[in-house]
Amino acid sequence: MDNIRGISIMIAAMGFFAIEDMFIKQAARAMSTGQILAILTLVAVPIFEIMARYQGKTMFDSTIFHKGVLTRNFFEMLGTLGFVTAITQTPLISATAIFQATPLVVTLGAALFLGEKVRWRRWVAISVGFCGVMIIIRPGLEGFDPKSLWAVMAVIGLSGRDLATRRLPVGITNAQLAAWGFLVVGLLGALMASVQGAWIMPTNQTMVWLVGASFCAIFGYWGITAAMRLGEISAIAPFRYVRLVFALIIGIGVFSERPDAATYSGAALIISSGIYSFWRERQVKAKALAKLTK
């Protein structure tokens, strides 16, 4: 039952994230990426600070100087900047498809930097997933769009964020991390907008999109956190890929995007390799548990 609830919440969270992406892409028609990031921060940070205080914490304590928090914040800036720029400057579907490689990069990083054991089958799955990314990007070919590299930057940044999160002290709450993550991204956005000279007064419609994006991000964040705590990670985590299904619906229905065969093929390879990795992890854990119970 916990797995079913976790899967349901995970699917809902991915829906919120996809709607957030839609709102951001709509807002990008009227203002720069930097200003979008800054305004999202104004809405999200106070809410996460309230959540932290409800848990008996605050974002303004000594934990902000922890090396792991600083490292996480750096990668948060890198990843969020990459992803927001990708969805505003490239088709939503292709950007989201590339972003699905994040769990594979996290697995790779865990093996290289955290000493986690990765067996040959998962190395093959990682390689297949990266081939899928290359098919979508098409480097060196006529269909190559340099702007798609923003999505690759997002994958690297957010993978680094997740890896840094694994090394944080247990006492630092998710709400604290979210508040600081949004804050540093907002500061980066304000700096970008100032340098670009792109500060404009948003219209009422644009503000609706930005506020909607902020609340979708908050609900999505809460959902993914709750889902991962309800049941087995190996059963729930693969449903992260439902985000691409939502992106397809929104991309085609709202933005009239028409992905080509290469995008579909690459996305299929990324998702298949990711699901296999989660399945393989579950198999390995089941075998280990069986040995312990004998």
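In what follows, the structure referred to is the one given above.
A brief report on the enclosed structure follows. (Residues numbered from 1 in each chain as written. Predicted model: local features only at pLDDT ≥ 70, side-chain atom pairs only at ≥ 80, totals over all residues. Heavy atoms only, no water.)

## Let's talk about the packing of aromatic side chains
What counts, and what does not: Aromatic rings from Phe, Tyr and Trp, with only the six-membered ring used for Trp, were paired whenever their centres fell within 6.5 Å, and each pair was classed as stacked if the ring planes differed by under 30 degrees, edge-to-face if by over 60, and tilted otherwise. Counting from the N terminus, the helices are the DSSP runs of H or I reaching at least four residues and the strands are the DSSP runs of E reaching at least two. Buried means the residue's accessible area, taken with a 1.4 Å probe over protein chains only, is under 20% of the maximum for its type, while exposed means over 50%, and partly exposed covers the values in between. Here, a charge over a ring is recorded when the distance from Lys NZ or Arg CZ to the ring centre is within 6 Å and its angle to the ring normal is within 35 degrees.
Overall, the coordinates contain 8 aromatic pairs when judged by the stated rule. With a centroid separation of 5.1 Å and an interplanar angle of 85°, the aromatic rings of F48 and Y221 are classed as edge-to-face. You can see F48 sitting in helix α2 (residues 33–54) and its partner Y221 sitting in helix α9 (residues 204–230), a full 173 residues away along the chain. Comparing F48 with Y221, the two get one shared label, buried. Both rings, one in F60 and one in W180, keep their centres 6.1 Å apart while their planes meet at 70°; by these two values the pair is edge-to-face. Placement of F60 in the loop between α2 and α3 (67–89) and of W180 in helix α8 (residues 174–196) is noted, with a sequence separation of 120 residues between them. Overall, F60 belongs to the exposed group, its relative accessible area being 56%. Judged by its relative accessible area of 16%, W180 falls in the buried class. Chaining the aromatic ring pairs together yields one cluster made of F48, F182 and Y221. In this structure, K25 packs its charged tip against the face of F255, placed 5.6 Å from the ring centre.

## Here we look at unusual backbone geometry
Even without a glycine there, the phi angle at R138 is positive, about 55°. Notably, S256 is not glycine yet its phi reads approximately 55°, a positive angle. Following the sequence through the fold, S256 ends up in the loop between α11 (242–253) and α12 (261–293). Relative accessible area serves as the criterion here: at 54%, S256 is assigned to the exposed category.

## Thoughts on the pattern of salt bridges
Operational definition: Salt-bridge detection follows one rule: a side-chain nitrogen of Lys or Arg within 4 Å of a carboxyl oxygen of Asp or Glu.
Under the defined criterion, the tally for this structure stands at 7 salt bridges. Note that E116 and R166 form a salt bridge whose closest N and O atoms lie 2.8 Å from each other. Of this pair, E116 sits in the loop between α5 (102–113) and α6 (120–137) while R166 sits in the loop between α7 (149–165) and α8; the two residues are 50 residues apart in sequence, bridging distant segments of the chain. When its relative accessible area of 38% is taken as the criterion, E116 is described as partly exposed. Residues joined in a network through salt bridges with shared partners are R72, E76, R161 and D162.

## Observations concerning the nonpolar core
Stated formally: In this text, buried Ala, Val, Leu, Ile, Met, Phe, Trp, Tyr and Cys residues form a nonpolar core when linked through side-chain atoms within 4.5 Å. By the convention used here, residues are in contact when the closest approach between their heavy atoms is within 4.5 Å.
Counting 58 residues, the largest nonpolar core has I24, I36, F48, I98 and L210 as its most contacted members. At 8 residues, α8 tops the list of elements feeding residues into this core. Beyond its immediate stretch of four places on either side in the chain, I36 contacts I24, A27, A28, M31 and L210. M10, A13, F17 and A227 belong to the second-largest nonpolar core, a separate cluster that totals 8 residues.

Fair warning: the whole summary comes from geometry, so function is off the table for now.
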